[in-house]
Amino acid sequence: DAEVVLVGRSNVGKSTLMRELTGHAVATGGKPGVTRQPNHYDWAAEDFVLTDLPGFGFMSGVSEERREQIKTDVVRYVEEYAEHVLVGVLVVDGKSVIDIIDRHSGPDSIPYDVEMFHFLRDLGIPTVVAVNKMDKVDDRDERLDDLCDRLGLHPPWKQWQDTIAPICAKRGSIDPLTEAVRAHLHEAQRDDL
Ligand code: GDP
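Each chain carries its own residue numbering, running from 1 in the written order of its sequence. Owing to the predicted nature of the model, reporting of local features is limited to residues with pLDDT of at least 70; listing and counting of side-chain atom pairs is limited to 80 or more, with chain, interface and lining totals taken over all residues. Excluding hydrogens and water, the side-chain values take into account all heavy atoms of the structure.

**Quick word on the nonpolar core**
Point 1. Core analysis: the biggest nonpolar cluster contains 32 residues, and Val129, Val131, Leu147, Leu151 and Ile164 have the highest contact counts within it.
Point 2. For this analysis, residues touch if any pair of their heavy atoms sits within 4.5 Å. Ignoring any residue separated from it by four or fewer positions in sequence, one finds Ile164 in contact with Val129, Val131, Leu144, Leu147, Cys148, Leu151, Leu153 and Trp157.
Point 3. The next biggest cluster of nonpolar side chains, apart from the first, holds 25 residues, and it includes Leu21, Leu86, Ala169 and Leu177. Only buried residues count toward a nonpolar core. Its members are Ala, Val, Leu, Ile, Met, Phe, Trp, Tyr and Cys residues joined through side-chain atoms within 4.5 Å. Partly exposed describes any residue whose relative accessible area lies between the buried limit of under 20% and the exposed limit of over 50%, with all areas from a 1.4 Å probe on protein chains only and scaled to the type maximum.

Written out as structure tokens, the structure reads:
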């Protein structure tokens with residue numbers, strides 16, 4: 001089946017977003033890192049399967065080794081099913097993403113979000129960055145331009161609306177994401193003809 005995959009650090013609001021997209025209850029909050037296995041759901045609005053992959057990053061009580069294993073599992077899953085994956089959605093927290101990326105950037109280290117973005121695109125998977133929690137962001141345009149810069153996309157972000165989708169999953173404001181995903185899905189279907 002054609003598939004849309006969701007990846008992201010833990011606590012960015014991936015479960016909240018999944019619930020908005022699917023209309024299903026998805027485990028949220030409470031215990032971070034609760035999603036350990038790929039979870040498949042039907043996307044209510046389209047005939048595709050949405051796959052929620054385990055969140056990456058700090059989780060209390062989860063060892064460094066276990067975290068690396070989660071990351072490896074996500075990468076393997078995407079590589080294995082790349083052929084079926086029509087769109088990748090990288091979910092980030094708009095409030096903290098720039099700080100986190102900058103903190104993890106160094107001569108020998110690539111931040112997870114940047115790594116996943118390029119990893120998906122290198123596999124030929126069109127990727128949308130769902131910039132969540134925009135309700136907590138004051139300097140919206142500046143923040144989104146900074147994100148473009150960190151991802152190697154030339155600002156202004158407004159020219160990347162198929163790639164950068166500011167949303168607020170908690171309030172159900174996710175139209176920029178569904179529109180961007182649809183644009184890629186329809187592109188993929190046209191290529192199949
Ligand atoms: P996950 O670990 O990525 O699955 O994250 P969750 O969906 O469990 O959400 C983590 C926290 O972020 C919860 O407290 C959510 O209520 C909160 N959250 C999710 N979406 C939004 C949003 O759009 N705005 C704000 N302010 N908080 C959000």
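Here the narrative resumes, following the displayed structure.
**Examining the site of the ligand**
Point 1. Whether a residue is near a molecule or strand is decided by its heavy atoms; if any one of them lies within 4 Å of it, the residue is near. Near the ligand you find 16 residues, and of these Asn11, Lys14, Ser15, Thr16 and Asp135 are the closest.
Point 2. Within the contact set of the ligand, an oxygen atom lies 2.7 Å away from a backbone nitrogen or oxygen of Lys14.
Point 3. Whenever two N or O atoms come within 3.5 Å, that pair is a polar contact, provided that in protein one can donate a hydrogen and the other can accept it, and provided that, for residues adjacent in sequence, both atoms are side-chain atoms. One of the side-chain N or O atoms of Asn132 is found 3.1 Å from an oxygen atom in the ligand.
Point 4. Residue burial considers only the protein chains on display, and all accessible areas are found by Shrake-Rupley using a 1.4 Å probe. Isolated, the ligand exposes 580 Å² of accessible area, and the fraction of that covered by the protein chains is 80%.
Point 5. In terms of residues, the shell around the ligand owes the most to one element, helix H1 (residues 14-22), which gives three residues.
Point 6. Nonpolar residues are Ala, Val, Leu, Ile, Met, Phe, Trp, Tyr, Cys and Pro. Charged residues are Asp, Glu, Lys and Arg, and all others, Gly as well, are polar. Here the shell around the ligand is built from residues that sort into three nonpolar, eight polar and five charged. Only DSSP runs of H or I with at least four residues qualify as helices, and only runs of E with at least two residues qualify as strands; both kinds are numbered from the N terminus onward.

**A short note on the side chain of Asp93**
Point 1. For Asp93, the position within the fold is in strand E4 (residues 85-93).
Point 2. Of the residues examined, Asp93 reaches a relative accessible area of 11% and is grouped as buried.

**As for the sheet that holds strand E3 (residues 49-52)**
Hydrogen bonds between backbone atoms are what pair the strands of a sheet, whose relative direction is either parallel or antiparallel.
Point 1. If DSSP finds at least two bridges between two strands, the strands pair. Pairing is mixed across the open sheet formed by six strands, whose spatial order is E2-E3-E1-E4-E5-E6. The open sheet has two edge strands with one neighbour each: strand E2 (39-42) and strand E6 (164-166). Adjacent strand axes in the sheet meet at a mean angle of 25 degrees, parallel and antiparallel pairs treated alike.
Point 2. Alignment of strand E5 (residues 127-132) against E6, held across three bridges, turns out to be parallel. Considered in E6, the bridge of Val131 is made with Pro166.
Point 3. Think of each axis as a best-fit line through the C-alpha atoms, taken over the contacting stretch in the case of a helix, with angles from 0 to 180 degrees between the N-to-C directions. Set on the sheet, helix H4 (residues 112-122) makes contact with strand E1 (3-8), E4 and E5; between it and E4 the angle comes to about 170 degrees.
Point 4. Against the sheet, helix H5 (residues 140-151) touches E4, E5 and E6, its axis set at about 150 degrees to E6.

**What to know about the environment of Val75**
Point 1. The residue Val75 is located in helix H2 (residues 64-81) in this model.
Point 2. Apart from residues lying up to four places away in sequence, Val75 is in contact with Met116 and Phe119.

**Concerning the pattern of salt bridges**
Point 1. In the sections that follow, a salt bridge refers to a side-chain nitrogen of Lys or Arg positioned within 4 Å of a carboxyl oxygen of Asp or Glu. Counted under the stated rule, the structure contains eight salt bridges.
Point 2. Between Asp102 and Arg150 there is a salt bridge, with its nearest N and O atoms 2.8 Å apart. Here Arg150 lies in helix H5 and Asp102 lies in helix H3 (residues 97-103), a separation of 48 residues in the sequence.
Point 3. The partly exposed category is assigned to Asp102, whose relative accessible area is 37%.
Point 4. Note on Arg150: relative accessible area 26%, which makes it partly exposed.
Point 5. Of the charged contacts, one joins Arg143 and Asp139 as a salt bridge, the two residues approaching to 3.2 Å between their closest N and O atoms.
Point 6. Using a relative accessible area of 29% as the deciding quantity, one classes Asp139 as partly exposed.

**Focus on a positive patch on the surface**
Point 1. A contiguous patch of positive charge, built from Lys95, Lys136, Lys170 and Arg171, is present on the exposed surface.
Point 2. By the element assignment, Arg171 lies in the loop between E6 and helix H6 (175-192).
Point 3. Residue Arg171 is classed as exposed on the basis of its relative accessible area of 62%. Only residues whose relative accessible area exceeds 30% and that take part in no salt bridge are eligible for patches, with like-charged residues grouped when within 9 Å of each other and nonpolar side chains (Val, Leu, Ile, Met, Phe, Trp, Tyr) grouped when within 5 Å. Positive charge is attributed to Lys and Arg, negative charge to Asp and Glu, and no charge count is given to His or to the chain ends. Where a charge lies is defined by one atom per residue type: Lys uses NZ, Arg uses CZ, Asp uses CG and Glu uses CD.

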